[in-house]
Amino acid sequence: MKLQKDLPTIFNEFGEVRRNGFIKAKELKDQGVPLIGVFCTYFPQELALAFGAQTVSLCASSDETISDAEKDLPRNLCPLIKSSYGFGKTDKCPYFYFSDLVVGETTCDGKKKMYEYMKEFKPVSIMELPNSQSEEGLKLWKNEIVKMKETLEEMFNVKISDADIKRAIKIKNNERKAVKKFYELGKKDPVVLKGEDIFKVLNGTTFSFDRESIPKQMEELIEKIEKESIKNKYPKKPRILITGCPLGTATEKVIKAIEDNGAYVVAFENCSGAKAVEDLVSEENPDVFEALAEKYLKIGCSCMTPNPNRIKLLDKMIDEYKVDAVIDVILTACHTYNVETLSIKRFVNDKKEKPYMSIETDFSTSDIGQLNTRMAAFIEML
Ligand code: BJ8
């Protein structure tokens, strides 16, 4: 990343990292580097990093393969599941094709049942994620992490020591600190960059295969943004926080609809933003498996019941980012996030006294007009 370039070019390059990473993935395969495909932020990436493997997100975000998926899966299923399955089945996603192993977790019902069919054409290993963050749940999750380490050792014929995992924890923590420092630019008032650019950078870094270079890249980028903010003045507009399902290329339309209609997205609480990054893994705990289990089980996903950690993070972020309103993005047929809209609405309206709106969308472009109309009406009243 050459920082002599202007900011729009740099942001667009981050936006292209996923596509450009296909070649890099092939090169890594040619060098014999194992590639682990993942579908969820609950997977402790440190396990892969500890033995020199790479991880890549296989969560697709395009409607291109949905009709292929619907030959096997019900139409009334979340587009993220259908699209990801479709890309795998049709071999249209190079990341899926190059993955030696896919790791899934028992998160939502649709995803965990989909893996049963995915196993027919790809090696898939499932981690049993508890549905609650209880003491018992923590024990189960720690045990699952140990089992996954053993699966990786056996499959790739390697030994993963505690010291290897400790080293990986440090690398991932440094990455998290740097990414967090970047998205925390969203706290600035007046704003210094748009939500669509924050999203491009966050999404791009998840597809970087050089994790150790991320802190330096973020440092340079932050410095450049701060320097240019002296001359790039952004007019005052309402500040929005996005929560809900993860976003991807197809659902960038939501960010665009918000920012085209008079507001800024200053924060992403979902798995495309803070949810996966905010907390670090303890580097002090001598039990590396317990340290990993504690960090990952804390993730406030709606597949947990109850799910207090989503509220806790929202509470903190609404204040810290001086948010004027919250928009909850639900992918069609995502029952857990959809059911949770009521408690999020109650929390945002009653406890934080802020406006809230939930929108349901998919990976098509057919609702862009409707999104614009709803955003314009919502933002106007702020
Ligand atoms: S930790 S948000 S990445 S599960 S949108 S497939 S929940 S029906 S993506 Fe997720 Fe992990 Fe949770 Fe994050 Fe199911 Fe809903 Fe689809 Fe979803």
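Structure: above.
Residues numbered from 1 in each chain as written. Predicted model: local features only at pLDDT ≥ 70, side-chain atom pairs only at ≥ 80, totals over all residues. Heavy atoms only, no water.

Could you give an account of the overall build of the protein chain, naming the residues involved and the relevant values?
Each helix and strand in the protein chain was counted, giving 16 helices and eight strands. Taken over C-alpha atoms, the radius of gyration comes to 20 Å for the protein chain, in line with the 21 Å a tight globule of 382 residues would show. Considering only C-alpha atoms, the protein chain reaches an extent of 60 × 45 × 40 Å along its principal axes. When the 382 residues of the protein chain are sorted by exposure, 54% land in the buried category. A sequence separation of at least 24 residues applies to 73% of the contacts in the protein chain between residues at least 6 apart. About 16,700 Å² of surface is accessible on the protein chain, with carbon and sulfur atoms providing 51% of the total. (Helix = DSSP H or I, 4+ residues; strand = E, 2+ residues; numbered from the N terminus. Rg over C-alpha atoms; globule rule 2.2 N^0.38 Å. Buried < 20%, exposed > 50% of the residue type's maximum accessible area, 1.4 Å probe, protein only. Contact = heavy atoms within 4.5 Å. Areas by Shrake-Rupley, 256 points an atom, 1.4 Å probe, with all protein chains shown as cover.)

Summarise the site of the ligand; cite the residues concerned and give the values.
Neighbouring residues of the ligand: 15 residues in total, closest C40, C78, C108, C301 and C334. Broken down by class, the residue content of the shell around the ligand amounts to twelve nonpolar, two polar and one charged. (Near = heavy atom within 4 Å. Nonpolar A, V, L, I, M, F, W, Y, C, P; charged D, E, K, R; others polar.)

Explain unusual backbone geometry residue by residue, including any values.
Most peptide bonds adopt trans geometry, and most residues besides glycine take a negative phi value. In this structure, the amide linkage connecting D189 to the following residue, P190, adopts the cis form with an omega of 5°. If you trace the backbone, P190 turns up in the loop between α8 (162-183) and α9 (195-206). For K322, which is not a glycine, the phi torsion comes out positive at approximately 45°. Inspection of the secondary structure assignment puts K322 in the loop between α14 (308-320) and β7 (325-331). Residue classification places K322 among the partly exposed residues on the basis of a relative accessible area of 43%.

Give me the environment of V281: which residues, what numbers.
On the secondary structure map, V281 appears in the loop between α12 (274-277) and α13 (288-297). Not counting residues within four places of it along the chain, the set of residues in contact with V281 comprises E46, I169, N173, R176, A291, L292, K295 and Y296.

Break down the environment of F156 for me, citing the residues and quoting the values.
By secondary structure assignment, the location of F156 is in helix α7 (residues 135-156). The class for F156 is buried, based on a relative accessible area of 17%. Residues F156 and M375 lie 219 residues apart in sequence; the distance between their C-alpha atoms is 49 Å. Apart from the residues lying within four places of it in its own chain, the contact partners of F156 are P34, I36, F51, D100 and L101.

Help me get a handle on the side chain of E144, residues and values and all.
Take E144: it is sitting in helix α7. Side-chain polar atoms of E144 contact the side chain of K147, separated by 2.8 Å. E144 has contacts with I126, M127 and E128, leaving out every residue within four places of it along the chain. (Polar contact = N/O pair within 3.5 Å; in protein donor to acceptor, adjacent residues only side chain to side chain.)

Describe the packing of aromatic side chains, listing the residues and the values that go with them.
Aromatic ring pairs are described here by two measures, namely the spacing of the ring centres and the angle between the planes. Evaluated as defined, the whole model comprises ten aromatic pairs. Look at Y95 and F207: their rings are 5.6 Å apart centre to centre, the planes differ by 20°, and that puts the pair in the stacked class. Here F207 lies in the loop between α9 and α10 (214-228) and Y95 lies in helix α5 (residues 94-98), a separation of 112 residues in the sequence. Owing to a relative accessible area of 0%, Y95 belongs among the buried residues under this scheme. Seen from their ring centres, Y97 and F98 are 5.3 Å apart, and the 75° between their planes marks the pair as edge-to-face. By relative accessible area, Y97 is classed as exposed at 51%. A network of ring pairs unites the aromatic residues F22, Y95, F207 and F209 as a single cluster. We note K295 situated over the ring of Y296; from NZ or CZ to the ring centre the distance is 5.4 Å. (Phe/Tyr/Trp six-rings, centres within 6.5 Å; stacked < 30°, edge-to-face > 60°. Lys NZ or Arg CZ within 6 Å of the ring centre and 35° of its normal.)

Give me the sheet that holds strand β6 (residues 264-268): which residues, what numbers.
The strands that make up a sheet pair up through hydrogen bonds in the backbone, lying either parallel or antiparallel. A sheet is described by the order of its strands in space; here four strands give the open sequence β6-β5-β7-β8, paired in parallel fashion. The open sheet has two edge strands, β6 and β8 (356-361), and neither has a second partner. With direction set aside, neighbouring strand axes in the sheet form an average angle of 30°. Judged from the six bridges that link them, β7 and β8 form a sheet pairing that is parallel. The residue bridging I330 from the neighbouring strand is E360, located in β8. The sheet strands contacting helix α16 (residues 368-380) are β5 (239-244), β7 and β8, and the helix crosses β8 at an angle near 175°. (Pairing = 2+ DSSP bridges. Axes fitted to C-alpha atoms, helices over the stretch in contact; angles between N-to-C directions.)

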